[in-house]
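The chain contents come next:
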Amino acid sequence: MAQETPKDNSGFTLPAPASAPPAADASAAASATTATTEPAPGLDPAGTTDTSSRDTLVGGVVLLLLFIAFFFAKNAYANGLVAKRVPPNKANAAGWWLFIFLASLATGVVLAAVNAHKFLAPLFMGPLVLVGLVALLLTFTSSRR
């Protein structure tokens, strides 16, 4: 058997831990020549830290704040329709349809921002777009006198 020279070993190896006993140093040196590409514990070389729970929480808070703003927009729209002599029950219905339209639009945008790879699928976006379009249509048809 030919003995390897340092020039033959083209892979990157980490030094043995400082707190290892001398017997472990010999086995660590032997295994260093056949080291795999596993990262050291605590290191994340590719930047693949899982932030899905944090992103989902931030997205939920943003969505909640948008729903509160949309509720005020619904009331303003309904009051504006009543000022234009639309009956209050039709104006209120049109306001709720506007709220549903804006909520479905915001939900789609927030889901796409949280995890575009998962939530931009037609399974998620199809129903949201359909509900949004129906709500937009009903917003304008129910706001007629």
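Right above here is the structure, for reference.
Given the structure is predicted, the values throughout are model-derived calculations rather than measurements.

Asker: Help me out: how do you make sense of the packing of aromatic side chains in this one?
Answerer: Scanning the model with the defined rule gives five aromatic pairs in all. Between the aromatic rings of W96 and F99, the centroid separation amounts to 5.6 Å while the plane-to-plane angle is 80°, which identifies the pairing as edge-to-face. Placement of the pair is W96 and F99 together in helix α3 (residues 88-114), with a separation of three residues, close to one helical turn. On the basis of relative accessible area, W96 is assigned to the partly exposed category, the value being 37%. Relative accessible area serves as the criterion here: at 16%, F99 is assigned to the buried category. When the centroid spacing of 4.9 Å and the interplanar angle of 85° are considered together, the rings of F119 and F124 count as edge-to-face. According to the relative accessible area criterion, F124 is partly exposed, its value standing at 33%.

Asker: What exactly am I supposed to notice about the nonpolar core here?
Answerer: As a rule of thumb, soluble globular proteins bury nonpolar side chains together. Counting residues in each nonpolar core, the largest one holds nine residues, listed as L63, F70, L98, F99, F101, L102, A106, V110 and A135. Secondary structure elements with two or more residues in this core: α2 (52-83) and α3. Ignoring any residue separated from it by four or fewer positions in sequence, one finds A106 in contact with L63, L66 and F70. Grouped together as the second largest cluster of nonpolar side chains are five residues, A78, L81, A91 and A94 included.

Asker: I tried to follow the packing of α3 against helix α5 (residues 122-142) on my own but got confused; where do I start?
Answerer: Geometry of a packed helix pair, given as the angle between the helix axes and the separation of the axes. The geometry of α3 relative to α5 is characterised by a closest axis approach of 8 Å and an angle of 155° between their N-to-C directions. Taken as axis vectors, α3 and α5 run roughly antiparallel relative to one another. In terms of crossing hand, the pair formed by α3 and α5 is left-handed. Across from K90, A93, A94, W97, L98, I100, F101, S104, T107, G108, L111 and A112 in α3, the residues of α5 making contact are M125, L128, V131, G132, A135, L136, L138, T139 and S142. Among the residues forming the contact of α3 with α5, the class breakdown is 14 nonpolar, six polar and one charged.

Asker: Before we go on, may I ask you to explain α2 in this structure?
Answerer: A turn of α-helix holds 3.6 residues, and therefore any two residues three or four places apart point the same way. With 32 residues, α2 extends 46 Å between its outermost C-alpha atoms, agreeing within 8% with the 46 Å of an ideal straight helix rising 1.5 Å per residue. Packed against the buried residues of α2 are α3.

Definitions and limits used
Residues numbered from 1 in each chain as written. Predicted model: local features only at pLDDT ≥ 70, side-chain atom pairs only at ≥ 80, totals over all residues. Heavy atoms only, no water. Phe/Tyr/Trp six-rings, centres within 6.5 Å; stacked < 30°, edge-to-face > 60°. Helix = DSSP H or I, 4+ residues; strand = E, 2+ residues; numbered from the N terminus. Buried < 20%, exposed > 50% of the residue type's maximum accessible area, 1.4 Å probe, protein only. Core = buried A, V, L, I, M, F, W, Y, C linked by side-chain atoms within 4.5 Å. Contact = heavy atoms within 4.5 Å. Axes fitted to C-alpha atoms, helices over the stretch in contact; angles between N-to-C directions. Parallel < 35°, antiparallel > 145°, perpendicular 65-115°, else oblique. Left-handed = near helix turned anticlockwise from the far one by under 90°. Nonpolar A, V, L, I, M, F, W, Y, C, P; charged D, E, K, R; others polar. Expected span 1.5 Å × (residues − 1).

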